[in-house]
Each structure stands twice: as C-alpha cells, then as structure tokens.
Amino acid sequence: MWEAYQSEGVRGFLHRPDAPPADALILTHGAGSNAAAPLLVAVAEAFAAAGFLVLRYDLPFRQSRAFGPPNPRLAEHDREGIGQAFRAAQALTQGRVFAGGHSYGGRQTAVWASEHPGAAALLLLSYPLHPPGKPDRPRTDFFPNWRTPALFLHGSEDPFGSLEEMLDALTLIPARTELLLSDGASHDLKRATKRLAELPPRLAAMPTE
C-alpha cells in the first residue's frame, strides 16, 4: 500500500517496501493525467515489491489545477518540481535515486536530468518523440546533451513515435540506453502490464556513466 505525501513543492504518494529501501524512484504522470494514474500505481507497486521506495507525484501544473494540459511556456516550472521531488527522495533513502515518468512527465524528467545530472538512471514510459501524426516536430533537440542512462518502455502502436523512430532517436543519445518494446501496446501502455515486473531489475542494473 501507499500513503499520501506532501513536502515543500511536492504532492503525491509514497510507496514503502517491506524492508528498508536500498534505492528510490520518483515517478510522475503525463499531460492529461495525475499521480493517481493507474499506470503509475502499477509501476510504483512493481518497484516497491522489488525493494524500492517510490514517490509518485503531481507535477506543478497539476498541483495548480485539477484538469487541463500543461502550458508549454511553464515547462521550466514543472522541471523545478521534478528537482524538488528528487531532493525529497534523497532525504528518504541512503541509496541511489532514479527518476522517471510517463509521456510528458518522462520528457520533462529527461530534460531536467540533462540540465541537472544526479539521477542514477531514468525510467521513461512512452517517451513522446513527436505529437501524433507530426513527425516533422521532433522533441529530441536536447538528446545530444543527454548523459544519464535510461530505460525506455514503448508500445509498438504508440502514435507519438514508431519503433523505427525510437531506435533512430536513441542513436542521438550519448548515454547508455535500453529499450523494452511492448507488442500491441499504445501510448497508455494498458497492454504492457506483463512487462512491468521486468522494469525494476533492468533499471537497477543500468550502468552509471
């Protein structure tokens, strides 16, 4: 189970493993969701079962209003919230702290990590390479500055980026990357539940660079 968590600038839920945690994961949501998203709950439970302390949290845009998409002009503010969640997790464990998110949350986590190195590795669920149907608007401009190892979980039917597009994009990242493909899954990863148990050991084994 989990408990509500709130500290300065951070609002979410804390999953504690049965034994004292060795490592922690901060995990956030996509543009149309919040920290209570079923995908985030399932991922957090998988990591807690594997011995991680997990903080799944609302980004600042969602803390300010219950509905509606983020304002692109305020993305930096959302990244400040990621940093606050990361520091909160650091205070809760003596181990490594990993950072991750779904879609928009994962994208902003990756940008934040490129600006503020420190996370052991990243967990990126359905990274949105481009808006659906608009491959001419890639969201990869910062990839050459990416230095944090990352584990990607991506659906084969994701309209935000095909498998081929994802494989091409990963070549732009200097850091170590791994890609888990969920056959038949779309952007919501509802058909990827069988792969969630693979994530904790794979992320924990990512070599730091």
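Residues numbered from 1 in each chain as written. Predicted model: local features only at pLDDT ≥ 70, side-chain atom pairs only at ≥ 80, totals over all residues. Heavy atoms only, no water.

1. Overview of unusual backbone geometry
Thinking step 1. Non-glycine residue serine 103 carries a positive phi angle of around 55°.
Thinking step 2. Assignment of secondary structure puts serine 103 in the loop between strand E5 (97-102) and helix H4 (104-115).
Thinking step 3. Even without being a glycine, leucine 189 presents a positive backbone phi close to 60°.
Thinking step 4. Following the sequence through the fold, leucine 189 ends up in the loop between strand E8 (177-182) and helix H6 (199-204).
Thinking step 5. A residue is classified by how much of its surface remains accessible, and leucine 189, at 3% relative accessible area, is buried. (Helix = DSSP H or I, 4+ residues; strand = E, 2+ residues; numbered from the N terminus. Buried < 20%, exposed > 50% of the residue type's maximum accessible area, 1.4 Å probe, protein only.)

2. Quick look at the packing of helix H3 (residues 75-90) against H4
Thinking step 1. Orientation of H3 relative to H4, taken along the N-to-C sense of each, is 75°, at an axis distance of 9 Å. Judged on the interaxial angle alone, H4 and H3 are roughly perpendicular. Contacts between H3 and H4 involve Ala75, Asp78, Arg79, Ile82, Gly83 and Phe86 on the former and, on the latter, Tyr104, Gly105, Gln108, Thr109, Val111, Trp112 and Glu115.
Thinking step 2. Tallied by class, the residues present in the contact of H3 with H4 amount to six nonpolar, four polar and three charged. (Axes fitted to C-alpha atoms, helices over the stretch in contact; angles between N-to-C directions. Parallel < 35°, antiparallel > 145°, perpendicular 65-115°, else oblique. Contact = heavy atoms within 4.5 Å. Nonpolar A, V, L, I, M, F, W, Y, C, P; charged D, E, K, R; others polar.)

3. Some details on the pairing of E5
Thinking step 1. Taken across its six residues, E5 has six buried, putting it largely inside the fold.
Thinking step 2. Side chains Val97, Ala99 and Gly101 project from E5 onto one buried face, and the interleaved Phe98, Gly100 and His102 project onto a second face that is buried too.
Thinking step 3. Alignment of strand E3 (residues 23-28) against E5, held across five bridges, turns out to be parallel. Note on E5: the bridge partner recorded for alanine 24 is valine 97. (Pairing = 2+ DSSP bridges.)

4. Thoughts on the pattern of salt bridges
Thinking step 1. Under the defined criterion, the tally for this structure stands at seven salt bridges.
Thinking step 2. A salt bridge links arginine 202 to glutamate 178, with the nearest nitrogen and oxygen atoms 3.2 Å apart. Within this pair, whereas arginine 202 is found in helix H6, its partner glutamate 178 is found in strand E8, the two being separated by 24 residues in sequence.
Thinking step 3. Under the relative-accessibility criterion, arginine 202 is labelled partly exposed at 30%.
Thinking step 4. Overall, glutamate 178 belongs to the buried group, its relative accessible area being 17%.
Thinking step 5. Among the salt bridges present, the one from arginine 195 reaches glutamate 198, with a minimum N-O distance of 2.9 Å.
Thinking step 6. The class for arginine 195 is partly exposed, based on a relative accessible area of 23%.
Thinking step 7. Connected through salt bridges with shared partners, the residues Arg176, Glu178 and Arg202 form a single ionic network. (Salt bridge = Lys/Arg side-chain N within 4 Å of Asp/Glu carboxyl O.)

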